[in-house]
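An overview of the molecular structure
So the chains spell out like this:
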Amino acid sequence: MPSPESPGDTALAARYRPRLAAEIAELRAASEAGAAARRPVTLDQQSVGRLSRMDALQNQAMAAGTEARRLARIRALEAALARIGEGEFGYCGDCGGFIGLKRLDLDPAAARCMDCAA
């Protein structure tokens, strides 16, 4: 599938695999660091007031949302690593054309070219 403007699969793998792996490691570390914020909130009225409990519940919900987005990003990055292994990285999943280095530099997990993503 290489096109005239695309580098070879080996060059793409060498360029993006370390970046993908580093971002995955960073996201997993952030996930572990934020685990305490996602724990269930204690609703003991004797220990904290009503507003404090509401604030704690809101913080827990925001932490859970952040974690969901983090896990989705990890899945996208792992899929990109799998495409590297299959020799399909850098090529659009819809039309098969080269995605483009500028788009991959912006988001190495991109699975579609600009035309198909639009």
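Higher on the page you've got the structure.
Every value quoted in this text rests on a predicted model; they were computed, and no experiment measured them.

Calculation criteria
- Residues numbered from 1 in each chain as written.
- Predicted model: local features only at pLDDT ≥ 70, side-chain atom pairs only at ≥ 80, totals over all residues.
- Heavy atoms only, no water.
- Helix = DSSP H or I, 4+ residues; strand = E, 2+ residues; numbered from the N terminus.
- Buried < 20%, exposed > 50% of the residue type's maximum accessible area, 1.4 Å probe, protein only.
- Areas by Shrake-Rupley, 256 points an atom, 1.4 Å probe, with all protein chains shown as cover.
- Salt bridge = Lys/Arg side-chain N within 4 Å of Asp/Glu carboxyl O.
- Core = buried A, V, L, I, M, F, W, Y, C linked by side-chain atoms within 4.5 Å.
- Contact = heavy atoms within 4.5 Å.

Thoughts on the overall build of the protein
When its secondary structure is counted, the protein shows 4 helices and 0 strands. The buried share of the protein, reckoned over its 118 residues, is 28%. Surface summary for the protein: the accessible area is close to 7500 Å², and the carbon and sulfur share equals 56%.

With respect to the pattern of salt bridges
Under the criterion given, the structure shown has 6 salt bridges. A salt bridge links R73 to E23, with the nearest nitrogen and oxygen atoms 2.9 Å apart. Remark: E23 occurs in helix 1 (residues 9-33) and R73 occurs in helix 2 (residues 50-86); sequence separation between them is 50 residues. By relative accessible area, R73 is classed as partly exposed at 23%. By relative accessible area, which is 22% here, E23 ends up partly exposed. Here R70 ties to E67 by a salt bridge, and the two come within 2.6 Å at their closest N and O atoms. Of this pair, R70 and E67 both sit in helix 2, separated by 3 residues, roughly a single helical turn. Bridged by salt links that share partners, the residues E23, R73 and D107 form one connected network.

A short note on the nonpolar core
By size, the foremost hydrophobic cluster in this structure holds 16 residues, and its most contacted members are L12, Y16, L20, L77, F89 and L104. Sorting elements by how many residues they give to this core places helix 1 first, with 6 residues. When near neighbours in sequence (up to four residues on either side) are disregarded, L20 contacts L77, A80, L81, I84, F89, P108 and A109.

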